[in-house]
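Listed below, chain by chain, are the residues.
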Amino acid sequence: MGERAVSERKVRAVFAGSGVALPPRAVDNHVLARIIETDDDWIRERSGIEERRFVERGVASSDLGAEAGRAAIEDAGIDAGEVDYVVCATMTPDHYFPGCGTLIQEKLGLRPLPALDVRQQCAGYAYGLQTVQALIESGIAKTVLLVGCDVHTSLFPFSDATWALLDSVPDAPPLSAEEFTWNSQFRHLLVLFGDAAGAMVFKAEENEGERGILGAALYGDGGQKDILHVPGVGSAHRPFVTAEMIAAGAAVPVMDGRQVFKLAVTRMPQATKELMETHGVGLDDLDLLVMHQANLRINQAAQKALGLPDDKVHNNIQRYGNTTSATLPLAFHEARQEGKAPDGALVAFTALGAGLHWGSVLMRM
């Protein structure tokens, strides 16, 4: 029996701590109505969003990522020197290159170490969780910091005059009709996004499968790429970016909202069910489902498809909007603070985003 018990023990990626970074400035729907043809009712009805956070000019994704990472390390109760690998998920890096991983490493004062960037957009953090599992179970790393950070306001095609109104600059003049019309053509997207970061620390621990990241069911399908993508800016063009692209709004994402909704409400529940069946657990065994926060209506439909009660899900899109890579760790951190993920809890993460990428990850606290 002793030899069998030893043989069943394996190294797992066990959750150790979490942290978040939220810009102090909250922007509600009434503020957006100053610069876009919209109103509070229109936004709430279609997305469930009431407000979101915007960074101040000059604050980059790595700044938020480092702040969240520092909080997660402190929450884990470890010395920063114990971190031996950084994984960063973002779709809004500070620069075309380098990625944010090494920038976060430097800002945290960590020694030179491996730093990996993940680019799966809204599904980035789910892919990051599987990456952490692989790094730790393979023995490559012992303590991994996984960061999700995005500054979506860097993508907004707004002029200084628009930002003056958003920033509530005293005596800022109203927008011209032309500029108001320009902003409004992107309203179905720009009202959805906010800036934030979240981070989690994972440590290698030997156990018999009771704690840690248990597995993932992740997918990618380029056949669905056109329903959510940025049409301009990239190596498909020569040159990579032009003034004409910017002037035409080709650096702003394009989204087929109906198709995204349809796929999200089917594929997130499917991946979650598949994953749990693979690990021999049922939905009744699940203590918490953390879904990507792209649209409250999507999450409500997915929750209904899974038959989960309200106390087993956590939605925060109402306060933060879609924060892309930061969404899963931000929602998980809040749920954990509210006591929804105590020791021993079975937690599932699920997301769908551009690529198309989607899937679920299962973790035991």
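My aim in this report is to walk through the structure given alongside it, one point at a time. Please read these numbers as outputs of a predicted model, since none were measured by experiment.

Within this structure, the stated rule accounts for 14 salt bridges. Note that E137 and K10 form a salt bridge whose closest N and O atoms lie 3.4 Å from each other. Remark: K10 occurs in strand β1 (residues 10-21) and E137 occurs in helix α6 (residues 124-137); sequence separation between them is 127 residues. Judged by relative accessible area, which is 28%, E137 ranks as partly exposed. Among the salt bridges present, the one from R44 reaches E50, with a minimum N-O distance of 3.6 Å.

Two numbers describe a pair of aromatic rings. These are the distance of the centres and the angle of the planes. Per the counting criterion, the structure on display carries twelve aromatic pairs. Ring geometry for F54 versus F156: centroids 5.6 Å apart, planes at 75°, classification edge-to-face. In this pair, F54 is assigned in strand β3 (residues 51-54) and F156 in the loop between β6 (143-150) and α7 (160-166), connecting sequence segments 102 residues apart. Here F54 falls in the buried class, since its relative accessible area comes to 1%. Relative accessible area serves as the criterion here: at 8%, F156 is assigned to the buried category. With a centroid separation of 4.9 Å and 55° between ring planes, the pair formed by Y96 and F240 is classed as tilted. You can see Y96 sitting in the loop between β4 (85-89) and α5 (100-107) and its partner F240 sitting in the loop between β9 (228-229) and α10 (243-247), a full 144 residues away along the chain. Members of the aromatic cluster, joined through ring pairs, are F15, F202, F332 and F349. Its end group placed over the ring of W42, R187 keeps NZ or CZ at 4.2 Å from the ring centre. R267 extends its terminal NZ or CZ atom over the ring of W358, reaching a point 4.3 Å from the ring centre.

This paragraph deals with the sheet that holds strand β8 (residues 212-220). Ordered in space as β8-β13-β12-β11, the four strands form an open sheet in which the pairing is mixed. The open sheet terminates on both sides in strands that have one partner only, identified here as β8 and β11 (288-291). Each adjacent strand pair in this sheet contributes to an overall mean axis angle of 15°, direction not counted. When β8 meets strand β13 (residues 357-364), the two strands line up antiparallel, connected through eight bridges. Each bridged residue has a counterpart across the sheet, and for Y219 the counterpart in β13 is W358. On the sheet, α6 packs against β8, β12 (346-353) and β13 and is oriented at approximately 130° with respect to β8.

Moving on: the packing of helix α4 (residues 61-76) against α5. A packed helix pair is summarised by two numbers, namely the angle formed by the two axes and the spacing between the axes. At a closest axis distance of 9 Å, the pairing of α4 and α5 adopts a crossing angle of 55°. Taken as axis vectors, α4 and α5 run oblique relative to one another. Every pair of crossing elements has a handedness; the one defined by α4 and α5 is right-handed. Touching S61, S62, D63, G65, A66 and R70 of α4 are C100, L103, I104 and K107, all from α5. Of the residues assigned to the contact of α4 with α5, the class counts are four nonpolar, three polar and three charged.

The next point concerns the environment of V169. As for its position among the elements, V169 is in the loop between α7 and α8 (177-184). Among the residues examined, V169 registers a relative accessible area of 41% and is labelled partly exposed. C-alpha of V169 to C-alpha of A248: the two residues are 79 residues apart in sequence and 27 Å apart in space.

Before going further, it helps to examine the sheet that holds β6. Sheet strands pair via backbone hydrogen bonds, and the direction of the pair is either parallel or antiparallel. Read across the sheet, five strands follow the order β1-β7-β6-β4-β5 without closing on themselves; strand pairing throughout is mixed. The open sheet terminates on both sides in strands that have one partner only, identified here as β1 and β5 (115-118). Across the sheet, the mean angle from the axis of one strand to that of its neighbour is 20°, orientation sign disregarded. With respect to the sheet, α4 is in contact with β1, β6 and β7 (196-207), its orientation differing from that of β1 by roughly 120°.

Our next topic: a nonpolar patch on the surface. Taken together, Y96, F97, V233, F240, V241 and I246 make up a surface patch of nonpolar side chains, about 620 Å² in accessible area. Summarising the element assignment, V233 is placed in the loop between β9 and α10.

So, about the pairing of β7. When β1 meets β7, the two strands line up antiparallel, connected through eleven bridges. Bridged to A13 within β7 is A204. In terms of strand pairing, β6 meets β7 through eight bridges, oriented antiparallel. Within the sheet, the bridge partner assigned to D150 lies in β7 and is A196.

Reading the values: the criteria
Residue numbers run consecutively from 1 along every chain, following the written order of its sequence. For this predicted model, a pLDDT threshold of at least 70 governs which residues receive local features, and a threshold of 80 or more governs which side-chain atom pairs are given and counted, while totals over whole chains, interfaces and linings are taken from all residues. In computing side-chain values, all of the structure's heavy atoms are included and hydrogens and water are not. Salt bridge, as applied in this entry: a Lys or Arg side-chain nitrogen positioned within 4 Å of an Asp or Glu carboxyl oxygen. Secondary structure elements are defined from DSSP: runs of H or I of at least 4 residues count as helices, runs of E of at least 2 residues count as strands, and each element is numbered from the N terminus. The cut-offs for exposure are 20% and 50% of the maximum accessible area for each residue type, with area from a 1.4 Å probe on protein chains only; residues under the lower value are buried, those over the upper are exposed, and the others partly exposed. Stacked, edge-to-face and tilted labels apply to pairs of Phe, Tyr and Trp rings (six-membered ring for Trp) whose centres lie within 6.5 Å, assigned for plane angles under 30 degrees, over 60, and everything in between, in that order. For a ring to carry a charge above it, either NZ of a lysine or CZ of an arginine must fall within 6 Å of the ring centroid while also lying within 35 degrees of the normal to the ring plane. DSSP bridges decide pairing: two strands pair if at least two such bridges lie between them. With axes taken as lines fitted to C-alpha atoms, and helix axes fitted only over the stretch in contact, angles between N-to-C directions fall between 0 and 180 degrees. The contact criterion used is simple: two residues touch if any of their non-hydrogen atoms lie within 4.5 Å. Oblique is the label for every angle not falling under 35 degrees (roughly parallel), over 145 degrees (roughly antiparallel), or within 65 to 115 degrees (roughly perpendicular). Helix crossings fall into two classes, left-handed where the near helix is turned counterclockwise from the far one by less than a right angle and right-handed where it is turned clockwise. Amino acids outside the nonpolar list (Ala, Val, Leu, Ile, Met, Phe, Trp, Tyr, Cys, Pro) and the charged list (Asp, Glu, Lys, Arg) are all regarded as polar, and Gly is one of them. Here the term patch refers to residues with relative accessible area over 30% and no salt bridge, with like charges joined within 9 Å and nonpolar side chains (Val, Leu, Ile, Met, Phe, Trp, Tyr) within 5 Å. Each accessible area is a Shrake-Rupley estimate made with a 1.4 Å probe; only the visible protein chains count as cover when residues are assessed.

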